[in-house]
Every structure is written in structure tokens, then in C-alpha cells.
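Understanding the architecture of this molecule
Residue strings, one per chain:
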Amino acid sequence: MIIELLFSLIFGLVDMILSLVPTVDLNFQMPDTTFFREMLGLADYFFPVGTMIACIALIIAVQNIAFILKIVNYIWNKIPFI
């Protein structure tokens, strides 16, 4: 009975403190991809779809690798004894 009273007091205090934190409304809207889809449709006349997908995947992979290498180099330069 005493433990239940202590826990309800603690949970009440935590609930009161958490009620002071304002609520944040997150509203994410996806960008319009109509132009990108139209350009892919136009490029489909000249290049096969498989080739375009492979090129886009290669470009994304190269950009991600470059970004990761920049992060690694930054961390590497921040280590004082190297």
C-alpha cells in the first residue's frame, strides 16, 4: 500500500513534467515527382529502361561512397595522434 502510494506519486510527478513539454506536429509532404517521371519517360525513347536504372543506381552509389569517404576523412583528421 505504501509502495503503491510512492509509485503513484513518482508517476504523477513524471506525468506532470512530461505534460509541460509541448507537442510537436510533424507534417511531411512528399515532393512532386512529375517532372522527374516525365524526363524518365522521354529518356525511355532513346535508352533501354534497364540501362537507365543501372546508370541511376551507379550515380547514387558513387555519391554515397564519396559522402562516406568525406566523413571517414574528417574523423581521420580529427584524431590527434595520426
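Just above sits the structure.
Structural notes, computed from the coordinates. Per-chain numbering applies: the sequence of each chain, read as written, is numbered from 1 onward. Totals for whole chains, interfaces and linings use all residues, but because this is a predicted model, local features are given only for residues with pLDDT of at least 70 and pairs of side-chain atoms are given and counted only at 80 or more. With hydrogens and water stripped out, all remaining heavy atoms of the structure feed into the side-chain values.

1. Re the environment of P48
Residue placement: P48 occurs in the loop between α2 (34-43) and α3 (49-78). Any residue under 20% of the maximum accessible area for its type is buried, any over 50% is exposed, and the rest in between are partly exposed; the area is computed with a 1.4 Å probe on protein chains only. Judged by its relative accessible area of 52%, P48 falls in the exposed class. Between the C-alpha atoms of P48 and L9, which are 39 residues apart in sequence, the distance is 68 Å. Secondary structure counts use DSSP, requiring at least four H or I residues in a row for a helix and at least two E residues in a row for a strand, with both numbered from the N terminus.

2. Examining the packing of aromatic side chains
The rule is short: rings of Phe, Tyr and Trp, with Trp giving its six-membered ring, pair when the centres are within 6.5 Å, and they are stacked under 30 degrees, edge-to-face over 60, tilted in between. Under the counting rule described, the total for this entry stands at one aromatic pair. With centroids separated by 6.2 Å and ring planes inclined at 20°, the aromatic side chains of F7 and F11 adopt a geometry described as stacked. With F7 and F11 both in helix α1 (residues 2-19) and four residues apart, this pair spans about one turn of that helix. Residue classification places F11 among the exposed positions, given a relative accessible area of 56%.

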